[in-house]
Amino acid sequence: MKSFVYRAERAFDPAKLEDFLGAIVNIYGPRMLRYKGVLHMKGTERKVIFQGVHQLMGSDLGPQWADGEKRLSKMVFIGIDLPQDIFLQGLEQCLVP
């Protein structure tokens with residue numbers, strides 16, 4: 001079992017991220033013990049709270065970003081033999097240019 005963290009300063013494209021996360025959960029879900037994060041998504045002024053266990057994944061709108069607060073995304077993945085490089089490269093492809 002191991003964990004890794006993904007951080008990004010650019011916003012996520014919601015449709016791309018949903019497609020990517022759906023695909024990795026479908027493939028690696030049984031080995032994904034826990035995953036969670038706070039996301040900066042294009043099109044909303046609020047934080048998106050993301051979490052999951054195995055194939056169960058969900059998200060909710062959190063509080064608004066505070067004035068002057070740096071908008072960052074941070075995700076933590078905990079699992080068994082997860083291909084960290086595939087996850088990180090895939091997440092990079094979901095960011096708004």
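Every residue gets a number counted from 1 within its own chain, in the order that chain's sequence is written. Per-residue local features of the predicted model are confined to residues with pLDDT of at least 70, and side-chain atom pairs are confined, for both listing and counting, to 80 or more; whole-chain, interface and lining totals are unaffected and use all residues. Hydrogens and waters are ignored; side-chain quantities use all the structure's heavy atoms.

### Some remarks on the overall build of the protein chain
To keep things clear, this is the line we draw: Each helix is a run of H or I in the DSSP string that is no shorter than four residues. Each strand is a run of E no shorter than two, and both are numbered from the N terminus. It is over C-alpha atoms that the radius of gyration is taken, and the globule rule equals 2.2 Å times the number of residues to the power 0.38. Buried residues are those whose accessible area, probed at 1.4 Å on protein chains only, stays under 20% of the maximum for their type, while exposed residues exceed 50% and partly exposed ones sit between those limits. Between two residues, a contact is recorded if the distance between any of their heavy atoms is within 4.5 Å.
The secondary structure content of the protein chain amounts to two helices and five strands. Of the regular secondary structure in the protein chain, the N- to C-terminal order runs β-α-β-β-β-β-α. A globule of 97 residues ought to have a C-alpha radius of gyration of about 13 Å, and the protein chain, at 13 Å, matches this closely. Based on the C-alpha atoms only, the size of the protein chain along its principal axes is roughly 40 × 25 × 20 Å. For the protein chain, with 97 residues in total, the buried portion stands at 38%. Of the contacts made within the protein chain by residues no fewer than 6 positions apart, 67% connect residues no fewer than 24 positions apart.

### Some points on the sheet that holds strand E5 (residues 73–79)
Defined as follows: Any two strands between which DSSP finds at least two bridges are classified as paired. Axis lines are fitted to C-alpha atoms, over the contacting stretch for helices. Their N-to-C directions set the angle, which ranges from 0 to 180 degrees.
An order of E1-E5-E2-E3-E4 is seen for the five strands of this open sheet, with the pairing classed as antiparallel. Two strands bound the open sheet, and with one partner strand each, they are strand E1 (2–8) and strand E4 (56–64). Recorded for the sheet is a direction-independent mean angle of 10° between the axes of neighbouring strands. Bridge count between strand E3 (residues 46–53) and E4: seven bridges; the pairing is antiparallel. From the neighbouring strand, Gly52 faces E4, where its bridge partner is Met57. Packed onto the sheet, helix H1 (residues 14–28) meets strand E2 (32–39), E3, E4 and E5 and runs at close to 165° relative to E2. Against the sheet, helix H2 (residues 84–93) engages E1, E2 and E5, with an angle of about 15° to E1.

### Some points on the nonpolar core
Short version of the rule: As used in this record, nonpolar core signifies buried Ala, Val, Leu, Ile, Met, Phe, Trp, Tyr and Cys residues forming a set joined through side-chain atoms within 4.5 Å.
Grouped together as the largest cluster of nonpolar side chains are 23 residues, with contacts concentrated most on Phe12, Met32, Met75, Phe77 and Leu91. Going through the elements one at a time, E1, H1, E2, E3, E5 and H2 are the ones with two or more residues in this core. Looking at this core element by element, the count peaks at six residues for H1. Aside from chain neighbours lying at most four places away, what touches Phe12 is Tyr6, Leu17, Leu39, His40, Met41, Lys42, Ser73, Met75, Leu91, Cys94, Leu95 and Val96.

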